[in-house]
Structure formats: C-alpha cells, structure tokens
Amino acid sequence: MVNCCLGMGLSGQVTAVIFTFVLVSPHHPTAGVGHDPLLVLDGYEDSGIRMKCFSERLFAQVQLLWTDGRGDNVTGTPLTSGTTTGNAGSSIILKPGSGNSMSCKIIDKLLKTSTESSVIIADVFFPATSPWLTAFVMLLLLSIFLVIAAIYKLRKNEKTITRESKSDTVHTRCVNAIGHCERHEKYFEELLSGCKNISFSTENAQMEIKKEIEELKEKLAEEQQRCQKESQDMSATIEKLQNEMEFRRAQSKAVTITLDETCLHPNTTSKMYHQPTLSSHHEIPPDTVVVATEGFSEKKHYWEVEVGDKPEWELGVVREDVRWKLRNKAKSTFLEGSLFSLQFSQGEYSLTGGKVVGSRIPCRVVGVLLDQQSDILYFFHVEEKCHLAFVPLNSSGKFYPFFSSGSNGK
C-alpha cells in the first residue's frame, strides 16, 4: 500500500489528483519485503510546495531518488543528517511549470528491489498572486492622489484669503511710496551724477578689455602659425622617411652590372656602385653609348650610375634588338618601346618622349630600379635618397642597362 498525505491545510473546496503506484525491480522480486515510500506535502515554500518522502527502512539500507514530470532526476535534501541508523527521508520543493508531478523511488541496496510513489498536483494548489492585491494597490494610489489634491486646494484658498486681506492696505502704501519718492528725488539726482562717473570708468575698462582681446588674438595667430609650421615640418619629415624607405627597398634589389667592352667608346669612362643605366629619345650615336653585358626579363633589379658634374647625359634600359644595333655600331632611329631613359641637359631632366621632370635638384649619382613585375622603370636621387621620376614599360622582353655621356662621348 502506498501512502500520501497533505499537510498544508489546503481548502477542502479544491481537489487534487494524486496517483500512486508501486514498481518492483525485476532483479530480485521479493513479495512482502518492500515498503511504499510515504509522500507528504509539507507546505508552501519559496513560491512552491515543499514535499517530503519517508521510508520505514534505515538510511544505510536504501537509496531515495526523485524524478520530475519530464523524467529528469532531481536532487533532494536528506532529512537524516550525519547518521546511517535513522529512517531514510528526503525533501524537495516542487515549483510551478516543472510538470506538476513528482515521484519518489526507494531502492533497496541489499535486495535489489525498488518501490515508487508519485503525486500529481493541480496548478490551483500552487501559490499565486491574488487578483484583489492589484485592486487594493490601485485603490491605495487613488486615495493618496485625492489627499494630495485636497491639501493643494486648501493651501490655494488660504493664499487667496491672505491676498484679499492685504488689498485693503495697498492704497495707503501707495500714498506713502509717493511721499518717499519725492523725498528721495534729490538723492536720485546725486546717484545720476555718480552713474556718469561710473560710465566713464566703464569706458576705460572696455578699452582695456579690447586691448587685451587684441593681444590674445595676436598670440593666437602666432600660435597657429607655429603649429602650422610644425605640421608642415612633420609632413616633410614623414615624406622624407617614406621616400627613403622606398629608396632602401629599391637598393635591396641591387645587382652587379658589367660593361660590354664591345659597346664601349674609347673615350668613355664610367664608375658604377652597383650598375650603370640610361635611356634615349629618338637617335643616339653608337660611339657615345655604354651597354651592360647583363640583361633582365623578370623580377626587380637595381643599379646605380655616377654621372658626376657632366652637363648632359642619358641613362636607362634598351631592348635586346637595340643592343645588337649598338654592338654593330649601327646608327639608326629606335622605334617606340625599344628604349626607356632619363636624360639631363641644360639643367633639366626629361623622360623618354620629351616629358620634362619637375625636379631640378643636381644629381651626381642616379639609382635605377627595373621593376618588371609592375612594368615600371624608376629613377632615384641617391644622395638625397628620394624619388626622381618613373617611366612605364609599354613593351616586354629582355632589357639591358645603358649609359650615354653626351654627343662628345666624354
């Protein structure tokens, strides 16, 4: 027989559906040995119902397990603390929304049997907020508002009565005020003369303030000029660092250039740090040109040419067919796309095709970067570590560095 009782003092008008049943484990079924757990609804607690489960067996002989309506195990609180000689017992709080059902299973550790009692509690048994509480709160707020309105009305009426009592003395006070005005007329005239003196002092103060404002404006303008100059210096420094960084990256691609003795004029001298370079316009006399032995058809390559104080020179790269013509001392007009160069003449720099370069900085050593990944030929001012100009390479193939020292070959 399964035992269950209600210990909450609930109203008799509310009915709950309670189901209890006994399950015997199939391991060692033994009739008459198991005892049904006793379920007790102990009372309301923490927005739920406190449930207790008792067994007639000792705590050391059995194990109590709780299971909710969804079949999940729930941990209960043991009712026997610190001893194994007392009867087994456990408690738990069943809250709304947890399935409204709970089962207590007792497992006999020795006989391997189990018994279980379950209870289903209707939602009406769970504690809930009374609808009369909302009405009571609204009524309380309305009463407070009416009391405040009554106090405000009483005070307003009191002020009206006070003003009416004072209105009788207004005429008398006006007459007295006129008399006071006449008596103090002379005093006001004296005050007026004093105000004129104060006005004069105010004008002086205004002049001083204007002077200080002008001084502050001058200081502000000086500070703005100083900040602007510092900003310009900073921009120039950043630009210089960027140019130097670009130059250093180009130098990292340096290669060794060897002059082709078969393309060297007897009077031509050339001193190279890494390699020589040059370009041409339309026609270059072959006796004034030095062409390198090495040619490049891919990646990046950098070399430098010392031009010194020569009044005119030209350097850059030529295609392989142009190199063949120069080796054979053939003087001819080069087609577009066969020669790319930077030329210096009459104090001006110009690129292939006659485009004038804006820079007029004298240059004794010219750096050349042949970038065949981007199809661009760059020229650098080595001493200033800055960029001079660049020429797009509108043709492909193998290019050879060249240098021309002018029409006289010196």
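Everything numeric in this text was worked out from a predicted model, so none of it was measured.

Peer 1: Tell me about the pattern of salt bridges, and name the residues and values.
Peer 2: This model, assessed by the stated rule, comprises eight salt bridges. The partner of Glu223 in a salt bridge is Arg226, and the shortest N-O contact between them spans 2.1 Å. You can see Glu223 and its partner Arg226 sitting in helix α3 (residues 185-251), three residues apart, about one turn around the helix. By relative accessible area, Glu223 is classed as partly exposed at 35%. Ionic pairing is found between Glu244 and Arg248, a salt bridge with its closest N-O pair at 3.7 Å. Of this pair, Glu244 and Arg248 both sit in helix α3, four residues apart, roughly one helical turn. The class for Arg248 is partly exposed, based on a relative accessible area of 40%. It is possible to trace a salt-bridge network through shared partners that takes in Glu223, Arg226 and Glu230.

Peer 1: So what's going on with helix α4 (residues 320-327)? Residues and values would help.
Peer 2: Along α4, the residues classified as buried are Val322, Arg323 and Leu326. The arc that holds the buried residues of α4, viewed along the axis, is 100 degrees, so those residues lie on one side. Of the surrounding elements, those touching the buried residues of α4 are β10 (289-291), β12 (312-319) and β19 (399-404).

Peer 1: Mind laying out the pairing of strand β3 (residues 48-58), listing which residues take part and the relevant values?
Peer 2: Looking along a regular strand, one sees the side chains alternate between the two faces of the sheet. With seven bridges connecting them, strand β2 (residues 38-45) and β3 associate as antiparallel partners. Across the sheet, Leu39 pairs through a bridge with Cys53, a residue of β3. Hairpin connection of β2 to β3: two residues between the antiparallel strands, including Asp46 at a positive phi of 50 degrees. Sheet topology note: the β3/strand β7 (residues 87-94) ladder contains seven bridges and is antiparallel. Each residue of the ladder has a partner; that of Lys52, found in β7, is Ser91.

About the thresholds
By convention here, each chain's residues receive numbers from 1 onward along its written sequence. Residues qualify for local features only when their pLDDT is at least 70, as the model is predicted, and side-chain atom pairs are given and counted only at 80 or more; totals for whole chains, interfaces and linings, by contrast, use all residues. Values reported for side chains reflect all heavy atoms of the structure, with hydrogen atoms and water molecules removed beforehand. The term salt bridge refers to a pairing of a side-chain nitrogen on Lys or Arg with a carboxyl oxygen on Asp or Glu at a separation within 4 Å. Here a strand is any run of E in DSSP of at least two residues, a helix any run of H or I of at least four, and the numbering for each starts at the N terminus. To sort residues, take the accessible area from a 1.4 Å probe on protein chains only and compare it with the maximum for the residue type: under 20% means buried, over 50% means exposed, and anything in between is partly exposed. Taken from the helix axis, the directions to the C-beta atoms give the arc we talk about. Between two residues, a contact is recorded if the distance between any of their heavy atoms is within 4.5 Å. If DSSP finds at least two bridges between two strands, the strands pair.

By themselves, these figures tell us nothing about what the structure is for.
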